[in-house]
Amino acid sequence: MKCTIPLLLAAFLIIAPAVADGAPDRKSGPATKRDDAAALGVAGARYPHVSPDGKQIAFALHGDLWVVPVEGGRATRLTLNESNDLKPVWSPDGKHLAFTSDRSGGFDLWTMPADGGVPTQLTFDGSMDHVCQFSPDGGSVIFQSTRTGSWRIFSVPVEGGT
């Protein structure tokens, strides 16, 4: 795990010019946020998560989800909406991302294809649900929530729940 931190720092140093080169591809959501990636820069890039195959990094930037090759290059925007999409995590097979979003009003869990597409809501509780990771078999998403009055750990099937 110690070698992961320098890798992430190096990748984020490479991302800065890649995002600033031009507007990334849009995969989902209405075109309502600024698409001027040069104006956005990478100030505020958060929650980097390396894909299971080590080839991509998913991260949140200004409320949207993005991916970029680990070796650098152009970052691709996966979501585009007025909400805050945060904390992307990869499924064990690398085909999906789970994330936290307030697009439904409260912070709930969502999943989407890792190459973009329409997100699917997994939780509907109305409390603060924050993604942690997928289960090792990829069949559920582990998350923290205040649904019992204090922070606890829960899991929800990838098909959804409450």
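Provided above is the structure to which this section pertains.
Quick caveat: nothing in here was measured; it's all calculated off a predicted structure.

This paragraph deals with the sheet that holds strand S11 (residues 152-157). With respect to topology, three strands assemble into an open sheet ordered S9-S10-S11, the strand pairing being antiparallel. Of all strands in the sheet, those bounded by a partner on one side alone are strand S9 (129-134) and S11. Here the average twist between neighbouring strands, direction ignored, is 35 degrees. In this sheet, strand S10 (residues 140-145) lies alongside S9 in antiparallel orientation, the contact comprising five bridges. Counted as the bridge partner of valine 131 is phenylalanine 143 from S10.

Strand order in this open sheet of four strands is S1-S2-S3-S4, and the pairing throughout is antiparallel. At either end of the open sheet lies a strand with only one pairing partner, and these are strand S1 (46-50) and strand S4 (76-77). Across three bridges, the pairing between S1 and strand S2 (residues 56-61) is antiparallel. Across the sheet, valine 50 pairs through a bridge with isoleucine 57, a residue of S2.

Okay, the environment of proline 69 next. Note that proline 69 resides in strand S3 (residues 64-69). For proline 69 and valine 50, which are 19 residues apart along the polypeptide, the C-alpha to C-alpha distance reads 9.5 Å. Apart from the residues within four sequence positions on either side, proline 69 is in contact with Lys55, Gln56 and Arg74.

What counts and what doesn't
- Along each chain, residue indices are assigned from 1 in the same order as the chain's sequence is written.
- In keeping with the model being predicted, local features are shown solely for residues with a pLDDT of at least 70 and side-chain atom pairs are shown and tallied solely at 80 or more, while totals for entire chains, interfaces and linings include all residues.
- Excluded from the side-chain calculation are hydrogens and water; included are all heavy atoms of the structure.
- Strand pairing is defined by DSSP finding a minimum of two bridges between the two strands.
- The way it works is that DSSP assigns letters per residue, a run of H or I at least four long becomes a helix, a run of E at least two long becomes a strand, and they are numbered from the N terminus.
- Angular values range over 0 to 180 degrees, each being the angle between N-to-C directions of two axes fitted as lines to C-alpha atoms, with helices fitted over their stretch in contact.
- We call two residues in contact when some of their heavy atoms are within 4.5 Å.

These values are about where atoms sit, not about what they do.
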